[in-house]
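So the chains spell out like this:
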Amino acid sequence: QVQLAGSGGGSVQAGDSLRVSCAASGDRFSRYAMAWFRQAPGKDREFVAVINDAGNNPFYRDSVKGRFSISRDNTKNTVDLQMDSLKPEDTGMYYCAVVSWSGHTWDTPLPLGFWGQGTQVTVSS
């Protein structure tokens with residue numbers, strides 16, 4: 001069992017940066033791949049970024065490559081998403097999640113049912 005608590009986010013202008021963080025409870029955090037998803041109003045939740053259990057293999061959706069960076073600290077049970085050069089289309093509720101992921105770029109991360117409560121990111125043009 002893993003419990004996740006997201007934090008960070010906020011309202012910024014296009015081109016600004018934000019960092020969202022997720023703190024996990026439990027002693028199995030380092031065994032899982034972790035991901036960030038987002039959901040814009042009226043749209044389905046979508047994958048944003050994933051990182052493997054060791055923290056040395058990140059992968060991103062095409063639209064955020066080069067702008068977002070996912071990282072984790074297994075000693076602190078945290079996973080962060082640094083978001084630079086933000087665009088209005090990045091607006092949404094951001095959720096961290098425990099996922100199953102092979103580490104291959106063609107493999108879609110599969111949420112395992114453990115989600116953070118979501119943190120809002122709003123980017124104005």
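Further up the page is the structure itself.
Small disclaimer: the values here were computed from a predicted structure and weren't measured. (Residues numbered from 1 in each chain as written. Predicted model: local features only at pLDDT ≥ 70, side-chain atom pairs only at ≥ 80, totals over all residues. Heavy atoms only, no water.)

A.B. asks: Got a minute to help me understand the overall build of the protein chain in this structure?
C.D. replies: The helix and strand tally for the protein chain stands at zero helices and 11 strands. Going from the N terminus to the C terminus, the protein chain shows its helices and strands as β-β-β-β-β-β-β-β-β-β-β. Relative to its full complement of 125 residues, the protein chain shows a buried share of 41%. Taking contacts inside the protein chain between residues at least 6 apart in sequence as the whole, the part at least 24 apart equals 56%. About 6,400 Å² of surface is accessible on the protein chain, with carbon and sulfur atoms providing 45% of the total. In the protein chain, the 12 positive side-chain charges and the 12 negative ones have mean positions that sit 2 Å from each other. (Helix = DSSP H or I, 4+ residues; strand = E, 2+ residues; numbered from the N terminus. Buried < 20%, exposed > 50% of the residue type's maximum accessible area, 1.4 Å probe, protein only. Contact = heavy atoms within 4.5 Å. Areas by Shrake-Rupley, 256 points an atom, 1.4 Å probe, with all protein chains shown as cover. Lys, Arg positive; Asp, Glu negative; His and termini not counted. Charge placed at Lys NZ, Arg CZ, Asp CG, Glu CD.)

A.B. asks: Would you take a moment to explain the packing of aromatic side chains for this structure?
C.D. replies: Given two aromatic rings, one states the distance between the centres and the angle between the planes to describe the pair. Using the criterion set out here, one finds five aromatic pairs in the structure. Measuring from ring centre to ring centre gives 5.2 Å for phenylalanine 37 and tryptophan 115, while their planes differ by 65°; the resulting arrangement is edge-to-face. Here tryptophan 115 lies in strand S10 (residues 110-115) and phenylalanine 37 lies in strand S4 (residues 33-39), a separation of 78 residues in the sequence. Taking the relative accessible area as the measure of exposure, tryptophan 115 reaches 30% and is therefore partly exposed. Between tyrosine 95 and tryptophan 115, the ring centres sit 6.3 Å apart and the planes meet at 90°, which makes this aromatic pair edge-to-face. (Phe/Tyr/Trp six-rings, centres within 6.5 Å; stacked < 30°, edge-to-face > 60°.)

A.B. asks: I'm lost on the environment of histidine 104 in this one. Help?
C.D. replies: Its location among the elements puts histidine 104 in the loop between strand S9 (92-100) and S10. Residues histidine 104 and asparagine 57 lie 47 residues apart in sequence; the distance between their C-alpha atoms is 9.3 Å.

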